[in-house]
Amino acid sequence: MKLIRLLSVTAFSLALLTFSGCVHGKNGAGGSGSGASDSDSVNGMALPERQDGVSFTGSNVDRNKFRPIYFGFDSHEISGEERGKIEEVANFMKSAPNNLIIAGFTDERGTPEYNRGLGERRAQAVREALIRAGADGSKIQTVSFGSEMPADSGSSEGAWAKNRRAEFGVVR
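Throughout what follows, the structure given in this document is the object of discussion. (Residues numbered from 1 in each chain as written. Predicted model: local features only at pLDDT ≥ 70, side-chain atom pairs only at ≥ 80, totals over all residues. Heavy atoms only, no water.)

Applying the stated criterion across every chain, the model contains nine salt bridges. As a salt-bridge pair, aspartate 107 and arginine 109 come within 2.7 Å of each other at their nearest N and O atoms. Among the residues examined, arginine 109 registers a relative accessible area of 27% and is labelled partly exposed. Of the charged contacts in the structure, one is a salt bridge between aspartate 152 and lysine 162, with a shortest N-O distance of 3.4 Å. Remark: lysine 162 occurs in helix α4 (residues 157–163) and aspartate 152 occurs in the loop between β6 (140–146) and α4; sequence separation between them is ten residues. Classification of aspartate 152 as partly exposed rests on a relative accessible area of 22%. Within the structure, one salt-bridge network assembled from shared partners comprises Asp107, Arg109, Glu157 and Arg164. (Salt bridge = Lys/Arg side-chain N within 4 Å of Asp/Glu carboxyl O. Buried < 20%, exposed > 50% of the residue type's maximum accessible area, 1.4 Å probe, protein only. Helix = DSSP H or I, 4+ residues; strand = E, 2+ residues; numbered from the N terminus.)

This is the structure:
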């Protein structure tokens, strides 16, 4: 009986974690919305409104200007090895008028809901790091694709490592 109760509590906790990773629904893949509310902020920094006609996969977004940020398994922590990439993007953002879209991705392991939440946490972690490095948060949007759009379609440790990433899209 105790085991069943423990499993129920664990399942409920996992559901709450999954839901909390998807709170910013308007910033998820395919999401749209207008206006920012109190729930549309990260560490008190309001998320910018979506630009009409701008999509991470659109032709008006350059996805090749910066190298991706890679993450460890089941993590949204940015490693020290990736900090140079953050500085490079932040320096660009300080002097450029462009807006930026950060897309979070995961490997294929995990449920679609969990992966979408983890991808969002990765994108938000990169956004926060850019803001700490001096970039204007009002010019940075986030989106999560979870395990959609893999960089490597294989099912090996090497492929999974390439898919655990955040990519930058510079709006032209």
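So that's the structure; there's more coming.
Turning our attention to helix α2 (residues 83–95). For α2, built from 13 residues, the straight-helix expectation of 18 Å at 1.5 Å per residue is met to within 8% by its first-to-last C-alpha distance of 19 Å. Within the span of α2, buried status applies to Lys85, Ile86, Val89, Ala90, Phe92 and Met93. Angularly, the buried residues of α2 cover 160° about the axis, an arc narrow enough to put them on a single face. Of the surrounding secondary structure, the elements contacted by the buried residues of α2 are β4 (69–70), β5 (100–105), α3 (112–132), β6 and β7 (165–171). (Expected span 1.5 Å × (residues − 1). Arc of directions from axis to C-beta. Contact = heavy atoms within 4.5 Å.)

Tallied over the full model, the rule gives five aromatic pairs. Ring geometry for phenylalanine 56 versus phenylalanine 145: centroids 5.8 Å apart, planes at 45°, classification tilted. In this pair, phenylalanine 56 sits in the loop between β2 (45–46) and β3 (61–62) while phenylalanine 145 sits in strand β6, placing the two residues 89 residues apart along the sequence. Here the two residues phenylalanine 56 and phenylalanine 145 agree in accessibility, since each one is buried. Taking 6.0 Å as the distance between ring centres and 75° as the angle between the ring planes, the aromatic pair formed by phenylalanine 66 and phenylalanine 168 counts as edge-to-face. On the criterion of sequence distance, the pair formed by phenylalanine 66 in the loop between β3 and β4 and phenylalanine 168 in strand β7 is long-range, its members being 102 residues apart. Under the relative-accessibility criterion, phenylalanine 66 is labelled buried at 10%. Feature note: the residues Phe56, Phe105 and Phe145 constitute an aromatic cluster, connected by ring pairs. Over the aromatic face of phenylalanine 105 sits the side chain of arginine 165, whose NZ or CZ is 3.8 Å from the ring centroid. (Phe/Tyr/Trp six-rings, centres within 6.5 Å; stacked < 30°, edge-to-face > 60°. Lys NZ or Arg CZ within 6 Å of the ring centre and 35° of its normal.)

All right, on to the environment of asparagine 64 then. With respect to the secondary-structure elements, asparagine 64 resides in the loop between β3 and β4. Separated by 106 residues in the primary sequence, asparagine 64 and valine 170 place their C-alpha atoms 8.5 Å from one another.

Geometry only, nothing functional implied.
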